[in-house]
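# Topology and contacts: notes
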Amino acid sequence: MPELYRIIEVSVYSLLNFLPFAIIGLYLFRHTLRFSKWVVAIFLLIVSVLQIGVGNHVAFYPNAVVSVLSLLSTLMYAMFFVHLVKAPVGKSMFVLLFLSNIANYTVIASKCLEGQLFPELARQQYRWSFSLSMVLVDLMLLVPLYLYISRIIAPVIRNQNNSRDWHFLWLIPGVFYLVWYYSIYLLNEGSTIEMALRPSNTLVFTLFNLGALLVYFVVARLLHTHEQNRMLEEQKKIASIQLLQYQKLQEKITETRRARHDLRHHMAVLNGYLKNRDYEKLDSYLADYSRGNYETDSLRLCNHGMVNLILLHFSELAREHGIDFQVEAALSEKIAVPETELSVLFGNLLENAVDACIADSCREKKIIVRIKETPASLYFTIDNTCHQKMECFQSNHYVSTKHEGEGIGIDSCQKIVERYNGIMKITQDADMVYVSVLMYL
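Rules and cut-offs
- Along each chain, the written sequence defines residue order, and numbers are assigned to residues from 1.
- Note on the predicted model: pLDDT of at least 70 is required for a residue's local features to be given, and 80 or more for side-chain atom pairs to be given and counted; whole-chain, interface and lining totals, by contrast, use all residues.
- Heavy atoms from the whole structure form the basis of all side-chain values; hydrogens and water molecules are not counted.
- Here an axis means a line fitted to C-alpha atoms, over the contact stretch when the element is a helix, while the angle between two N-to-C directions is reported on a 0 to 180 degree scale.
- Here a strand is any run of E in DSSP of at least two residues, a helix any run of H or I of at least four, and the numbering for each starts at the N terminus.
- Note on angle classes: values under 35 degrees are labelled roughly parallel, values over 145 roughly antiparallel, values of 65 to 115 roughly perpendicular, and the remainder oblique.
- Crossing handedness is defined as follows: a turn of the near helix away from the far one that is anticlockwise and smaller than a right angle gives a left-handed crossing, while the clockwise case is right-handed.
- The contact definition used throughout considers only heavy atoms, calling two residues in contact when any of these lie within 4.5 Å.
- Using a grid of 1 Å spacing that covers the protein atoms alone, one calls a set of points a cavity when a 1.4 Å probe fits there but cannot get out, and a pocket when the set is open and has protein on both sides within 12 Å along at least five of seven lines; lining residues are those with an atom within 4 Å of a point.
- Grid points are joined across faces, edges and corners, and a volume is the space filled by probe spheres set on the points.
- One fewer than the residue count of a helix, multiplied by 1.5 Å, yields its expected span.
- The angle between axes fitted to the seven residues ending at a residue and the seven residues starting there is what we call the bend at that residue.
- Side-chain atoms within 4.5 Å are what join buried Ala, Val, Leu, Ile, Met, Phe, Trp, Tyr and Cys residues into a set we call a nonpolar core.
- In this scheme, a residue with accessible area under 20% of its type's maximum is buried, one over 50% is exposed, and one in between is partly exposed, where area comes from a 1.4 Å probe on protein chains only.

## Structural notes on the packing of helix 1 (residues 4-28) against helix 4 (residues 89-117)
Where helix 1 meets helix 4, the axes come as close as 10 Å, and the angle between the chain directions of the two elements is 150°. With respect to helix 4, the axis of helix 1 lies roughly antiparallel. In this structure, helix 1 crosses over helix 4, and the sense of that crossing is right-handed. When helix 1 is examined against helix 4, the residues Y13, N17, F21, I24, G25 and L28 are found in contact with a partner set consisting of V95, L99, I102, A103, T106 and V107.

## Structural notes on empty space enclosed by the protein
Taken as a whole, this structure holds 1 cavity of 30 Å³ or more when the rule is applied. Roughly 30 Å³ of volume is contained in the largest cavity. Elements supplying a minimum of two residues to the lining of the largest cavity: helix 4 and helix 9 (199-275).

## What about helix 5 (residues 128-158)?
With 31 residues, helix 5 extends only 38 Å from end C-alpha to end C-alpha; this falls clearly short of the ideal 45 Å at 1.5 Å per step. The largest bend in helix 5 amounts to roughly 40° and is located at I149.

## A short note on the nonpolar core
Formed by 46 residues in total, the largest nonpolar core has its most connected members in F29, F98, I149, I153 and Y216. Among the secondary structure elements, those contributing two or more residues to this core are helix 1, helix 2 (37-60), helix 3 (66-84), helix 4, helix 5, helix 6 (166-169), helix 7 (171-186) and helix 9. At 9 residues, helix 4 tops the list of elements feeding residues into this core. Leaving out residues up to four positions away in the same chain, I149 has contacts with I24, L28, F98, L99, A154 and P155. Within the second largest apolar cluster, 40 residues are counted, among which are I238, L342, V344 and V433.

Right, dumping it as structure tokens:
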């Protein structure tokens, strides 16, 4: 049975090696935790106890396979993270592996520092000198690490429109983790303590870690640029819709002025017939006036301002290409979905419908839009004629017919629908494509 002070020494090291990085990871996902803070704290306590148990097992059982226990420990953290965080698995794994690599570097640097400050104790496992060295290294690293994470990593983690990218991005820190694992446990011929005590190894690992941080920086910038391009595309669509509305208002103002000018002439004629008591001609003139073609296009297809603008824009575009555009919209002026998200949903889906109709070879082309709102949900369908088989539904991914790769517009719509725990379904039969969307408000 090991002495109590040795158990405390190992336990303190185990917590220093795990707790700061676990807290940083949870802080990154603080807005998307599955449970309350108290429940998360309980889970964190349980994993901390397990980590202490692993550390003591390695310290006091000489036959323990450290490499296997290290791998099992990482898998335990992965289960902990995925269970607590409501985020794509790839995003959770990226953060987990990123922090694991930093934690590994902290261990190596701390052991090297211990070798310089306490050379005798450094050749023993998990002494208080190791914990003290780790505290010093953490004090030097955690502030710049926090600044790096908050300015570089956190913005792309908070972005909800890049979820599909994380299916592959987590492999980058995953490869770095495998290099760490291989270098520490498989490549090293001596003990890990001897390897860590050599300053040259610490220098190499420092350069390796800086290179990894540079790669993460480049990835974050690429994701940021991708998001900016997507937002510019959406703003461009909104601007074109607003321009159409402005043009229609200008047309209505011109029509109103013309009608007021013509009305004076009509009133003069009617007044003349009335003074001459020529009621027969008066009646005939009024009948001709009523049959006259003075109808104007309605500026309102639904009560919601932004959606109305989008419907008007695509109805105008459809009419220019001879497409019958039908709308049945029961939508209130204000709903619990931001206008920016509504513009992405209706803008992308209606654009796809119009493009499909334009490319279709049939003579009778039509688009039918139905929108229904309830206190708890928003449901709408967009159906359009399409006789050509659309090879755009592969393995639950929507492939663009305008360029190579996945459709960014459809993917954006999918992400918005998922944020409202909704469903988007796209199907096709012989002559129609059917898009159905259900969102819970």
